[in-house]
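# Residue-level structural notes
Next come the chains, spelled out residue by residue.
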Amino acid sequence: MNENLRIGVPSKGRLSELAGELLHEAGINFRRQERTLFARVSGLPIDIIFLRNDDIPVLCAEGAIDLGLTGSDLVSESQADVTVRMPLGVGRCRLSLCVPENSPIKECSQLNGVRIATSFPRVTERFLAQHNAQVHLVNLSGSVEIMIGLGVADAIVDLVETGSTLAANQLRILTDIGSYETVLIQNPRTKHGATCDRVVRRLEGVVIAREYSLLEYNVPKERLAEAEAVTPGFKSPTVSQLEDSTWCAVRVMVRSKDVINAMERLEALGASAILETSIRNCRL
Ligand code: PRP
């Protein structure tokens, strides 16, 4: 193997696509030949290794890869010795303890003696220990949602994203065990610290840009303080003078999900020419 930094990326599934898009937007460009498990990044001393998603935390801890994109659920379950460098703003989900819609179980104190199917045995055991529940765990690597129907479990611990899998299997959430998302992890002993930092800065630029919009508006000077309170910005807004000295122009970053609300409040303050522009990338 060469001396390049190695990034582990899920080889298939939704997370594989999300990870690939993020890296490309961050200028970490590679082309994966069909079925190959390795790709070289153009113009940077970086190789991409395509791996099973659930192996990425362990392989990162063991030093097979320097960085990895994977779910924080898998980091937690593996208990691998890795550093979480940053959340990537995608793949948000919950890990939930679920029972059939018509189950008599209403709270965790009723779990004693119950059979629970899961592919997260360690996280589940830690949770059950906190509730002093003695259960029989059925450890599986997938398709957990059908195990009650197959008669091997009375409850499941599984990931919930939209809730459609639960609805399709007539299950309901008894309680949430954790919240997770896709993260960038790093081997704490990597020799490529500087290149890792460079990758982190690039990904931060994309992740922040995806969450924020640029808002521009004109506002009477006498209402500027109130307008700045509505849009305080990432650090602080850029304010410039208009030709009419009683007005100023503001440029500021606003969380995309808050933009509509902010526009309404700014308009009510007398602001005009309020424009939202999406940001592709940024360095703050
Ligand atoms: C995951 C998870 C649930 C489903 C939740 O399964 O295990 O089954 O997604 O998503 P939803 O709430 O949007 O329906 P995945 O498709 O990753 O495959 P798996 O069953 O092999 O884990």
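Residues numbered from 1 in each chain as written. Predicted model: local features only at pLDDT ≥ 70, side-chain atom pairs only at ≥ 80, totals over all residues. Heavy atoms only, no water.

### So, the pattern of salt bridges
- Applying the stated criterion across every chain yields a total of 16 salt bridges.
- Taking the shortest distance from any N to any O, the salt bridge between Arg-40 and Asp-47 comes out at 3.2 Å.
- Exposure remark for Asp-47: the relative accessible area of 1% places this residue in the buried category.
- Residue Glu-226 pairs with Arg-223 through a salt bridge whose shortest N-O separation is 2.8 Å.
- Owing to a relative accessible area of 27%, Arg-223 belongs among the partly exposed residues under this scheme. (Salt bridge = Lys/Arg side-chain N within 4 Å of Asp/Glu carboxyl O. Buried < 20%, exposed > 50% of the residue type's maximum accessible area, 1.4 Å probe, protein only.)

### Quick notes on the domain arrangement of the chain
- Domain annotation of the chain identifies domain 1 (5-90 + 182-191), domain 2 (93-180) and domain 3 (212-278).
- Relative to domain 3, the C-alpha centre of domain 1 lies at a distance of 38 Å. (Domains from an automatic or database assignment.)

### Observations concerning the packing of helix α1 (residues 14-25) against helix α6 (residues 193-211)
- Packing of α1 against α6 brings their axes to within 8 Å, and their N-to-C directions diverge by 110°. One finds that α1 runs roughly perpendicular with respect to α6. Along its contact with α1, which presents Glu-21, Leu-22, Leu-23 and Glu-25, the element α6 presents Leu-203, Val-206, Val-207 and Arg-210. (Axes fitted to C-alpha atoms, helices over the stretch in contact; angles between N-to-C directions. Helix = DSSP H or I, 4+ residues; strand = E, 2+ residues; numbered from the N terminus. Parallel < 35°, antiparallel > 145°, perpendicular 65-115°, else oblique. Contact = heavy atoms within 4.5 Å.)

### Notes on the sheet that holds strand β5 (residues 83-87)
- Read across the open sheet, the six strands follow the order β2-β3-β1-β4-β11-β5; overall the sheet is mixed. The open sheet terminates on both sides in strands that have one partner only, identified here as β2 (38-40) and β5. Each strand of the sheet is rotated relative to its neighbour by a mean of 25°, with strand direction disregarded.
- Pairing of β2 with strand β3 (residues 46-51) involves three bridges; the strand directions are antiparallel. (Pairing = 2+ DSSP bridges.)

### Some points on the pairing of strand β11 (residues 182-186)
- Counting buried residues in β11 gives five out of five residues, a clear majority hidden from the surface.
- Burial along β11 is two-sided: Thr-182, Leu-184 and Gln-186 facing one way and Val-183 and Ile-185 facing the other are all buried.
- Direction of pairing for strand β4 (residues 67-71) relative to β11: antiparallel, over a ladder of five bridges. Along β11, the bridge assignment pairs Leu-69 with Leu-184.
- As judged from the four bridges shared by β5 and β11, these two strands associate in the antiparallel manner. Residue pairing across strands places Pro-87 opposite Val-183, the latter belonging to β11.

### Description of the sheet that holds strand β14 (residues 247-255)
- If you walk across this open sheet you meet the four strands as β13-β14-β12-β15, and the pairing is antiparallel. Looking at the sheet topology across the chains shown, the edges are occupied by β13 (238-241) and β15 (272-278). Averaged over neighbouring strand pairs, the angle between their axes works out to 15° when direction is ignored.
- Alignment of strand β12 (residues 212-220) against β15, held across five bridges, turns out to be antiparallel. Across the sheet, Ser-213 pairs through a bridge with Ser-278, a residue of β15.
- Sitting on the sheet, α6 touches β12 and β14, and the angle it makes with β12 is about 55°.

### Quick notes on the site of the ligand
- With respect to spatial proximity, the complete set of residues near the ligand consists of Arg-14, Ser-143, Glu-145, Asp-158, Leu-159, Val-160, Glu-161, Thr-162, Gly-163, Ser-164 and Thr-165.
- Taking Asp-158, its side chain carries an N or O atom lying 2.8 Å from an oxygen atom of the ligand.
- Between an oxygen atom of the ligand and a side-chain N or O atom of Thr-162, the distance comes to 2.5 Å.
- About the coverage of the ligand: the protein hides 66% of its 490 Å² of free accessible area.
- Elements represented by at least two residues in the shell around the ligand include exactly β9 (155-160) and α5 (164-168).
- If one sorts the elements of the shell around the ligand by residue count, β9 sits on top with three residues.
- Tallied by class, residues from the shell around the ligand come to two nonpolar, five polar and four charged. (Near = heavy atom within 4 Å. Polar contact = N/O pair within 3.5 Å; in protein donor to acceptor, adjacent residues only side chain to side chain. Areas by Shrake-Rupley, 256 points an atom, 1.4 Å probe, with all protein chains shown as cover. Nonpolar A, V, L, I, M, F, W, Y, C, P; charged D, E, K, R; others polar.)

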